[in-house]
Structure formats: structure tokens, C-alpha cells
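Residue-level structural notes
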Amino acid sequence: MEAKTAGRTGRASLVLEEAWQTESIRDEIELFAFVRGPEGTFAPNLIVTVNPFDGTIDGFLDRAVTGLTSTLQKPYLFDVRVWDRKGDDTETYQRVDDVDVRQLGRSIAYTHESPQTGATLRSGEWLFIDAGLAVQVTGTTTTAQWPVFADTLETMARSVTTTTEGAS
């Protein structure tokens, strides 16, 4: 059963898919969700961070890409695109002239190496700005797990909502 789950500070919430659970792991992370697998396997996870931001989505994207390429081990970014968090990316073709891409989010697809195990991990970043908050949603699995969890991760990313009421 799905359940709406609030983040650590209350600035963001998401609809948590069945079998997923949350845990508080670090102060800078608003929400950490994961699904347990067999002992000794990588737990697919979703991390939500929320920070005040008065820039543009492209400035936010630039910061995210810089952060990924400077902090991850062996990062390989293979897709960066406009992302409509309220819609389905497979919707009927829409002329670019009819869409204000400055109002849409961005997504980044990449692989990187786990510093703990050396395994190759597959991640997706979904970025958007809402109510003066920069929201970064990161889904991570092993490369073998990605086809199983990709849709679930993106569905949960699309369900993220923000509020400034819980800001501390």
C-alpha cells in the first residue's frame, strides 16, 4: 500500500511505494527511502534533498552536474534532459515552442563506482525548483537492479511535493 511520507524537516514529502521504508541518516538529507533485499545485497534507495534556492533550473542543473563529477568515483553521465515531473515523458509529442522548458525540471542519468564495494551503481537525478526550494531526488540501484526499480524510483520522484511550512 502506498503512503504519503513527510521528510525530516517537513519541507518535502513523497508517496512511498509498497515495501519501501524510510530512515533518517544525515541532517542534510530531507528523506531517505529504501527497499530491503536479501542480506548482503545493495538496497535500492531514493534520497531527497531540499535547499533554499533563488536561481534558475539550469543553474541548479549545473551545480548538480559539478557535484556529481567532482565527488563520485568514476562517474559516467550518459543522459541529461528536460523532465516534466507532472507528466509522463512518453506523452504525445509536443512542439518545443508550446512548452516553457524554464518551468520544467531536469533529469540526469549516470553510473558510478561504489566506494565501499567497487560495484557499478546506476543512478537517476530528478531536479526541480518549487516555492524557492531546489529539490534533488536521487535514485540509486546496482546496474542489474535498475530495470526492475527505474519506474518505481521515477514515480516516487514525481510524487515529491514541497512546503515552506516545515522549514527550519
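What counts, and where the lines are drawn
- Residues numbered from 1 in each chain as written.
- Predicted model: local features only at pLDDT ≥ 70, side-chain atom pairs only at ≥ 80, totals over all residues.
- Heavy atoms only, no water.
- Helix = DSSP H or I, 4+ residues; strand = E, 2+ residues; numbered from the N terminus.
- Buried < 20%, exposed > 50% of the residue type's maximum accessible area, 1.4 Å probe, protein only.
- Contact = heavy atoms within 4.5 Å.
- Areas by Shrake-Rupley, 256 points an atom, 1.4 Å probe, with all protein chains shown as cover.
- Salt bridge = Lys/Arg side-chain N within 4 Å of Asp/Glu carboxyl O.
- Expected span 1.5 Å × (residues − 1).
- Arc of directions from axis to C-beta.
- Pairing = 2+ DSSP bridges.

The next point concerns the overall build of the chain. Assigned secondary structure in the chain consists of two helices and 10 strands. The N-to-C order of helical and strand elements in the chain reads β-β-β-β-β-α-β-β-β-β-α-β. The proportion of buried residues among the 168 residues of the chain is 43%. Across the chain, every contact between residues at least 6 apart in sequence was considered, and the portion connecting residues at least 24 apart equals 55%. Of the roughly 9,600 Å² that the chain leaves accessible, carbon and sulfur atoms contribute 49%.

Tallied over the entire structure, the rule returns six salt bridges. Between Asp58 and Arg106 there is a salt bridge, with its nearest N and O atoms 3.1 Å apart. You can see Asp58 sitting in helix α1 (residues 57–71) and its partner Arg106 sitting in strand β7 (residues 105–113), a full 48 residues away along the chain. Close ionic contact of Arg158 with Glu154 constitutes a salt bridge, the shortest N to O distance being 2.8 Å. You can see Arg158 and its partner Glu154 sitting in helix α2 (residues 146–158), four residues apart, about one turn around the helix.

The end-to-end C-alpha separation of α2 is 17 Å, in line with the 18 Å expected for 13 residues at 1.5 Å each. Every buried residue belonging to α2 is among Trp146, Phe149, Ala150, Leu153, Glu154, Met156 and Ala157, and all of these are buried. Looking down the long axis of α2, one finds its buried residues gathered within 160 degrees of arc, a one-sided arrangement. Every exposed residue of α2 that faces more than 90 degrees away from the buried side is listed here: Val148 and Asp151. In this structure, the buried residues of α2 make contact with β2 (12–16), β5 (45–52), β6 (73–83), β8 (120–130) and β9 (133–142).

Counting buried positions over the five residues of β2 gives four, a clear majority of the element. By the bridge criterion, four bridges tie strand β1 (residues 3–6) to β2 in an arrangement that is antiparallel. In the strand pairing of β2, Lys4 is matched with Val15. Here two bridges tie β2 to strand β10 (residues 161–162), and the two strands are oriented antiparallel to one another. Bridge pairing links Ser13 to Thr161 in β10.

Right, let's talk about unusual backbone geometry for a bit. Here Ala19, not a glycine, exhibits a phi torsion of approximately 80 degrees, which is positive. With respect to the helices, strands and loops of the structure, Ala19 is situated in the loop between β2 and β3 (21–22). Overall, the relative accessible area of 56% leaves Ala19 in the exposed class. For Ala131, which is not glycine, the phi dihedral falls at a positive 55 degrees. Checked against the element boundaries, Ala131 lands in the loop between β8 and β9.

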